[in-house]
Amino acid sequence: MMDIIKSNIGSNDLCTHLAFARLRSTGKDRVLETLQDGAIKYRRRNKPAAEKELLAYPIARIIVSCIDNNYSTKRYALAVARLSYEHIIELKIDALKELAADFGINITADARNMNVVMHFTDYIKHAHVLHEPKWKLLNRTVEQGMLTISKGDLSRLMEEAVRKKVESGLPHEVPHDIHEALKPYISEVQEAINTRASKQGFSRDGFGEVVPDCFPPCISTAIADVQANVNLSHTMRFSMTTFMLNIGMKPEKITEIFRASPDFSEQDTKYQISHINGASGTTYTCPACATMATNGNCPGKAPMCKKIEHPLVYYRRKVWILNKKQAAQVAHEH
Ligand code: SF4
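None of the values given here were measured: they were computed from a predicted structure.

1. Brief notes about the domain arrangement of the protein
Accessible area lost on assembly of the parts is the figure often given for the size of an interface. Taken domain by domain, the protein comprises domain 1 (2–68 + 171–196), domain 2 (87–165) and domain 3 (203–333). Between the C-alpha centres of domain 1 and domain 3 the distance comes to 34 Å.

2. Comments concerning the environment of E180
Within the element layout of this structure, E180 appears in helix α9 (residues 176–181). C-alpha separation for the pair E180 and C66, spaced 114 residues apart in sequence, amounts to 9.9 Å.

3. Topic: the site of the ligand
The immediate surroundings of the ligand are formed by P216, P217, C218, C289, M292, C298, P299, K301, C305, P311 and Y314. Those elements that provide at least two residues to the shell around the ligand are α11 (217–227), α15 (289–294) and α16 (311–333).

4. Brief notes about the environment of L322
Inspection of the secondary structure puts L322 in helix α16. Of the residues examined, L322 has 13 C-beta atoms within 10 Å and is grouped as partly exposed. With 93 residues separating them in the primary sequence, L322 and N229 have C-alpha atoms 31 Å apart. Those residues in contact with L322, other than ones at most four positions away along the chain, are V211 and C214.

5. Considerations on the packing of helix α5 (residues 70–88) against α11
α11 packs onto α5 with a crossing angle of 50 degrees between their chain directions and a minimal axis gap of 9 Å. Of the possible angle classes, the one that applies to α5 and α11 is oblique. Two packed elements cross with a definite hand, and for α5 against α11 that hand is right-handed. On the side of α5, the interface is formed by N70, Y71 and K74, while α11 contributes T221, A224, D225 and Q227. Classifying every residue of the contact of α5 with α11 gives two nonpolar, three polar and two charged.

6. Some remarks on the pairing of strand β2 (residues 115–119)
Direction of pairing for strand β1 (residues 107–109) relative to β2: antiparallel, over a ladder of three bridges. The residue bridging A109 from the neighbouring strand is V116, located in β2. Hairpin connection, β1 to β2: the antiparallel pair is bridged by five residues, and N113 has positive phi, about 60 degrees. Inspection of the sheet shows β2 paired to strand β4 (residues 146–150) by five bridges, in the antiparallel sense. Paired with V116 across the bridge in β4 is I149.

7. Details of the environment of P251
For P251, the location among the structural elements is in helix α13 (residues 251–258). According to the C-beta neighbour criterion, P251 is partly exposed, with 16 such atoms within 10 Å. Sequence separation between P251 and V319 is 68 residues; the distance between their C-alpha atoms is 21 Å. Not counting the four nearest positions on each side in its chain, P251 is found in contact with I273, S274 and N277.

8. Concerning the pairing of β4
Across two bridges, strand β3 (residues 142–143) lies against β4 in antiparallel orientation. The residue of β4 that forms the bridge with E143 is M146. Once β3 ends, the chain turns through two residues before running back antiparallel as β4, passing Q144 with a positive phi of about 50 degrees.

9. Some details on the confidence of the model for the protein
Per-residue confidence for the protein averages 88 on the pLDDT scale, and 93% of its residues sit at or above 70. Confidence scores differ between elements of the protein, with helix α1 (residues 2–6) showing the lowest mean pLDDT of 51 and β2 the highest of 95. Note that residues 201–206 has pLDDT below 50 and, in this model, 10 contacts with residues that lie over four places away or in other chains.

About the criteria used
- Starting from 1, residues in each chain are numbered consecutively following that chain's sequence as written.
- Totals for whole chains, interfaces and linings use every residue, but because this is a predicted model, local features are given only for residues with pLDDT of at least 70 and side-chain atom pairs only at 80 or more, for both listing and counting.
- How far each domain reaches was decided by an automatic or database domain assignment.
- Counting from the N terminus, the helices are DSSP H or I runs at least four residues long and the strands are E runs at least two residues long.
- For each residue, a C-beta position is placed from the backbone atoms; the residue is near a molecule or strand when that point lies within 6 Å of it.
- Exposure in this text rests on C-beta crowding, where 20 or more other C-beta atoms within 10 Å of a residue's own make it buried, 12 or fewer make it exposed, and counts in between make it partly exposed. The C-beta atoms are placed from the backbone.
- A residue pair is marked as a contact if its C-beta atoms, positioned from the backbone, fall within 7 Å.
- All axes are obtained by fitting lines to C-alpha atoms, using only the stretch in contact for helices, and the reported angles, taken between N-to-C directions, cover 0 to 180 degrees.
- Angles are sorted into four bins: roughly parallel if under 35 degrees, roughly antiparallel if over 145, roughly perpendicular if 65 to 115, and oblique for all others.
- Handedness of a crossing follows from how the near helix is turned relative to the far one, being left-handed for an anticlockwise turn of less than a right angle and right-handed for a clockwise one.
- Under this grouping Gly is polar, as are all residues other than the nonpolar Ala, Val, Leu, Ile, Met, Phe, Trp, Tyr, Cys and Pro and the charged Asp, Glu, Lys and Arg.
- One requirement defines pairing of two strands: DSSP has to find at least two bridges between them.
- Known as pLDDT, the predictor's confidence for each residue is given on a scale from 0 to 100.

In structure tokens, the structure reads:
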């Protein structure tokens, strides 16, 4: 295997050459593992086995890119990040510093190398999706813009940074011949995704009059995050809940969607939904696009986004267009 790495083979060979069929199968197995468990098992490996994993990694990424499905991409990125945490937590402080710098985070270590000091903006950037109370900035001591956290907490923040980086790099473009060569592996993964989707609460059915295909990118991305077990920021959780209530979704259905969240609590979720739904006297409306963007909850504008200023308007226009198309089709058929 060492010779393979030294010979500088390209991903084209990995995906097409008969000699690498086992590696392709391992790449596919890793993607399946991320779908089933939301994690890639941390295995203490000898060198040849570690090198095999290393070569299977680009194959797994290519398979995920070919499938180009929000759910599997997020699930894969989450699993790679979780696995990377197991390695990061074991790094010595110098290596950790270097890795953090690669992600644009500058840290300095304390005298015992147990804690690190970082700028609070770097901290918030990755900690805002972590919901345990200890991650709240209020629960940290900030002095002159800097705060101190344990090496373990930094590793958790790095895990989040890795997740974002992997996710933002996917899908990447895959040449047609590679796509063709990987077809059997892609089909197997696609089948696993379909089976999982039919078992989960968020299917296209069961929404009543609500049309999920017309959701704006901000909301469908948030739903994909939840389904893939990725934490949502508090503001995104609020926006998603208000949006769904505003378009007439039943609180029970919304609770079902949140069930896949890493920190799901049925009681808390039901309480939050009923609070947002007016139980305390105020009924909330989904924030406008400008607020969504300020809170970092706008994933980028789809063509329709350029014409609207509110996610609810996006949805209504899309539903209107869809209805019009369907009416025209019916008229055409008669
Ligand atoms: S522009 Fe508005 S509707 Fe479109 S994704 Fe961003 S927040 Fe959502």
